[in-house]
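Understanding the architecture of this molecule
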Amino acid sequence: MYDLSFTGRNIDIAASLLIKGEAVAIPTETVYGLAANALNIDAVTKIFRIKKRPSFDPLIIHISSFDLVDRYVVSVPEPLRRLAEAYMPGPLTLLLEKKSIIPDVVTSGSRYVAVRVPAHDLTRALLAKLDFPLAAPSANPFGYISPTTAQHVADQLGSQLCYILDGGPCEIGIESTIVGMTDNGEIHVYRKGGLTIEQIQKVIGTIIVEDYSASNPDAPGMLTHHYAPSKPFVIVENINDIPKGENVGVMAYRQFVPGIPMHHQVVLAPTGRFEDAAHNLFAGMRYLDTCQVDTIYTQLLPEVDLGIAINDRLRRAAAI
C-alpha cells in the first residue's frame, strides 16, 4: 500500500489502479464506496482488510448499466426487472442468484449477489472503462458512520488508500435500498435505503419489509450495530426529554433544543424535507462525534417515506 492517498477526479488514474488490483474510493449518489475488482479475490480481500470488515458481511457489486447484469446473475425475476427499469440507475440494489464468475468472498458464501447501478456520472464513466464490476461497500471503518464526502474518506482511510475519486458530496446521503425475491415469489426489502417503500410498492405492489438483523446475512447492511459514532448514541421518545448541559450533543429533525449549546446540535431538516434529513444524516453524526460531548441524543422521524430508512440507521447506530 501507499503511504499517502491522493484525491482527484481523474477516472483514468482510478481505472489503472483498479485494473492492477488496488482498492480505490469512489463516489455514488448514496455514500462513498471502497471499490475493487469484484472478480479478483485478492483485490476483494483488500476491501475487507482495509475496512476491518468481517468476512460474513457480503458486498454489493456495481455495474455501469443494468444491461450487463446477465453476465453475473443466473436470472432476474420479472418483478425485480420492472423495479430496475423504473429506478436504475439509482439507490436500488437487487439481490439475485449469482453465476460462478462472482467469487464466494464477495457474497460471503451466499448464492445471491447484491447488484446495483449507481446514479453518479463520474463513477458510471469509470465503470464503463472497466471490463469487470466493482465490489464496493461504504468507504469507512466497519461499523462506523458512512462517508458522504471525499474528505470523510480521507479522514478515516486515507493512509491506506492510493486514490480517492472525488465526486463531491453525495446527493442522497444514505445507502441504497436492497430488494430480493424468495423462492416462493415474495418480494422482500432486506435493507431500507434511499429508494422508499412507497416507490417500490408503486411498481410491484405488496412487499415484505424485513425488520430483523442477521448474524450471517445474505444482504449487506443487515447487522444490528452499524453506522454508529464512537460516542454513546441514544434515541429518546420526546426531544424535550433530552438532559440539558454543556456536554450534550443533539441530532434533531426540525428544530434546535433549548438549554444545549448550538454548536453541539445538528438540525437535519429545518424544512421538514426527508431528502434534506437523509442528505445531512451521516455528516451530522460525524460532526457531533468530533464535538466535546459525552452522549449524542436523537429522536426518530415520522415513519414514512425516507423517514423509514433514516430511522433504520438511527436504530442501528443506537443498537436497539
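Look up: the structure comes first, before these words.
This report concerns the structure included in the present document. Owing to the predicted nature of the structure, the values given are computational and were not obtained by experimental measurement.

**Points about the overall build of the protein**
On a plain count of helices and strands, the protein comes out with nine helices and 15 strands. Taking 2.2 N^0.38 as the reference for a compact globule, 320 residues should give roughly 20 Å; the C-alpha atoms of the protein span a radius of gyration of 19 Å, in line with that estimate. Relative to all contacts within the protein whose residues are 6 or more apart in sequence, the contacts with residues 24 or more apart total 66%. Of the roughly 12800 Å² that the protein leaves accessible, carbon and sulfur atoms contribute 50%. Counting 27 positive and 34 negative side-chain charges, the protein places the centres of these two groups 3 Å from one another.

**Examining the packing of helix H3 (residues 78-87) against helix H7 (residues 197-204)**
At a minimum axis separation of 9 Å, H3 and H7 run at an interaxial angle of 120°. Overall, the two elements H3 and H7 adopt an arrangement that is oblique. In the crossing of H3 with H7, the sense of the turn from one axis to the other is right-handed. In contact with Pro79, Arg82, Leu83, Ala86 and Tyr87 of H3, H7 contributes Gln199, Ile200, Val203 and Ile204.

**Some words on helix H6 (residues 150-157)**
Of the residues making up H6, those classed as buried are Ala150, His152, Val153 and Leu157. Looking straight down H6, one finds its buried side chains confined to an arc of 160°; they lie on one side. Buried positions along H6 lie against strand S1 (7-8), strand S2 (24-26), strand S3 (33-37), helix H2 (41-51), strand S8 (164-165) and helix H8 (274-290).

**Topic: the nonpolar core**
Leu83, Leu94 and Val179 are the most contacted members of the largest nonpolar core, which totals 49 residues. Contributions of two or more residues to this core are made by S3, H2, H3, strand S5 (92-97), strand S6 (112-116), H6, strand S10 (187-191) and H7. Looking at this core element by element, the count peaks at five residues for H2. Within the second largest apolar cluster, 30 residues are counted, among which are Phe282, Leu306, Ile310 and Ala317.

**A closer look at the side chain of Asp289**
Within the secondary structure, Asp289 sits in helix H8. One buried charge, Asp289, has no salt-bridge partner; the nearest side chain with opposite charge is Lys231, at 4.6 Å. Reaching out from Asp289, the side chain makes a polar contact with the backbone nitrogen of Ser230 at a distance of 2.9 Å. A distance of 3.0 Å separates a polar atom in the side chain of Asp289 from the backbone nitrogen of Lys231. Aside from chain neighbours lying at most four places away, what touches Asp289 is Tyr144, Pro229, Ser230, Lys231 and Ile296.

**Here we look at the packing of aromatic side chains**
Overall, the coordinates contain two aromatic pairs when judged by the stated rule. A ring pair is formed by Tyr253 and Phe274, whose centres lie 6.1 Å apart and whose planes are at 10°; its orientation type is stacked. Of this pair, Tyr253 sits in the loop between strand S13 (248-252) and strand S14 (265-267) while Phe274 sits in helix H8, and the two are 21 residues apart along the sequence. Assigned by exposure class, Tyr253 and Phe274 land together as buried.

**Description of the pattern of salt bridges**
Where charged atoms from two side chains of opposite charge come close, those side chains can pair. The full count for this structure, using the stated rule, is 16 salt bridges. Note that Arg53 is salt-bridged to Asp57, the shortest N-O span being 3.2 Å. Taken as a pair, Arg53 and Asp57 share a single burial class, namely buried.

**What to know about the pairing of strand S9 (residues 177-181)**
Burial runs high along S9: four of the five residues are buried. As judged from the four bridges shared by S5 and S9, these two strands associate in the parallel manner. Bridging across to S9, Leu94 finds its partner in Val179. Of the pairings in the sheet, the one linking S9 to S10 comprises four bridges and is antiparallel in character.

**Considerations on the environment of Ser138**
Looking at the element boundaries, Ser138 is found in the loop between strand S7 (134-135) and H6. Ser138 sits 108 residues away from Thr30 along the chain, and the two C-alpha atoms are 9.4 Å apart. Not counting residues up to four positions away in its chain, the partners in contact with Ser138 are Val31, Tyr32, Gly33, Leu34, Lys51, Ser146 and Pro147. A distance of 2.5 Å separates polar atoms of two side chains, one belonging to Ser138 and the other to Asn140.

The rules behind these values
- Residues numbered from 1 in each chain as written.
- Predicted model: local features only at pLDDT ≥ 70, side-chain atom pairs only at ≥ 80, totals over all residues.
- Heavy atoms only, no water.
- Helix = DSSP H or I, 4+ residues; strand = E, 2+ residues; numbered from the N terminus.
- Rg over C-alpha atoms; globule rule 2.2 N^0.38 Å.
- Contact = heavy atoms within 4.5 Å.
- Areas by Shrake-Rupley, 256 points an atom, 1.4 Å probe, with all protein chains shown as cover.
- Lys, Arg positive; Asp, Glu negative; His and termini not counted.
- Charge placed at Lys NZ, Arg CZ, Asp CG, Glu CD.
- Axes fitted to C-alpha atoms, helices over the stretch in contact; angles between N-to-C directions.
- Parallel < 35°, antiparallel > 145°, perpendicular 65-115°, else oblique.
- Left-handed = near helix turned anticlockwise from the far one by under 90°.
- Buried < 20%, exposed > 50% of the residue type's maximum accessible area, 1.4 Å probe, protein only.
- Arc of directions from axis to C-beta.
- Core = buried A, V, L, I, M, F, W, Y, C linked by side-chain atoms within 4.5 Å.
- Salt bridge = Lys/Arg side-chain N within 4 Å of Asp/Glu carboxyl O.
- Polar contact = N/O pair within 3.5 Å; in protein donor to acceptor, adjacent residues only side chain to side chain.
- Phe/Tyr/Trp six-rings, centres within 6.5 Å; stacked < 30°, edge-to-face > 60°.
- Pairing = 2+ DSSP bridges.

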